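Here is what each chain is made of, one letter per residue.
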Amino acid sequence: MAEWGRGQSPSAVEDMLDVENKRMADSLASKVTRLKSLALDIDKDADEQNRYLDGMDSDFMSVTGLLTGSVKRFSTMTRSGRDNRKLLCSVSAGLIVVFFILYYLVSKAGT
């Protein structure tokens, strides 16, 4: 802050006030510029995240369609005759074995 002395002329005080005012205006301008830059960065980040979430939405919709079709085929297979029940048991046992093999491999890879 400018030092105020007694005995200074009014024009000197006015000059000190003008210099102080310009310094504070420059400081304010730099702060506004930083805030504007930050706001633009936040806007850009939000747009990128919205695009990412929209992509995830379409991926989930396609997976939902795939799972719905698989459940319908599985239900049809369980409602059909005895031969398909043997096939169903074989497929179920195979899936369980594959699950445990994958679990073992993932647990070994983690350690």
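Residues numbered from 1 in each chain as written. Predicted model: local features only at pLDDT ≥ 70, side-chain atom pairs only at ≥ 80, totals over all residues. Heavy atoms only, no water.

Participant: Even after reading the chapter, I still don't get the overall build of the protein, so can you show me in this structure?
Facilitator: Scanning the protein from N- to C-terminus turns up 2 helices and 0 strands. The C-alpha atoms of the protein give a radius of gyration of 36 Å, which is well past the 13 Å a tight globule of 111 residues would have. Referenced to the eigenvectors of the C-alpha coordinate spread, the extents of the protein come out at roughly 110 × 35 × 15 Å. When the 111 residues of the protein are sorted by exposure, 5% land in the buried category. Accessible surface computed for the protein: about 10,000 Å², of which carbon and sulfur atoms make up 64%. Put simply, the protein has 15 plus and 15 minus side-chain charges, and the middle of one group is 20 Å from the middle of the other. (Helix = DSSP H or I, 4+ residues; strand = E, 2+ residues; numbered from the N terminus. Rg over C-alpha atoms; globule rule 2.2 N^0.38 Å. Buried < 20%, exposed > 50% of the residue type's maximum accessible area, 1.4 Å probe, protein only. Areas by Shrake-Rupley, 256 points an atom, 1.4 Å probe, with all protein chains shown as cover. Lys, Arg positive; Asp, Glu negative; His and termini not counted. Charge placed at Lys NZ, Arg CZ, Asp CG, Glu CD.)

Participant: Please explain a negative patch on the surface as it appears in this structure.
Facilitator: Together, Asp41, Asp43, Asp45, Asp47 and Glu48 make up a region of like negative charge exposed at the surface. On the secondary structure map, Asp45 appears in helix H1 (residues 10-79). (Patch = residues over 30% accessible without salt bridge, like charges linked within 9 Å, V, L, I, M, F, W, Y side chains within 5 Å. Salt bridge = Lys/Arg side-chain N within 4 Å of Asp/Glu carboxyl O.)

Participant: Before we go on, may I ask you to explain the packing of aromatic side chains in this structure?
Facilitator: Two descriptors summarise a pair of aromatic rings, namely the distance from one centre to the other and the angle between the planes of the rings. Under the defined criterion, the tally for this structure stands at 1 aromatic pair. Between Phe99 and Phe100, the ring centres sit 5.5 Å apart and the planes meet at 70 degrees, which makes this aromatic pair edge-to-face. Relative accessible area serves as the criterion here: at 52%, Phe99 is assigned to the exposed category. Judged by relative accessible area, which is 52%, Phe100 ranks as exposed. (Phe/Tyr/Trp six-rings, centres within 6.5 Å; stacked < 30°, edge-to-face > 60°.)

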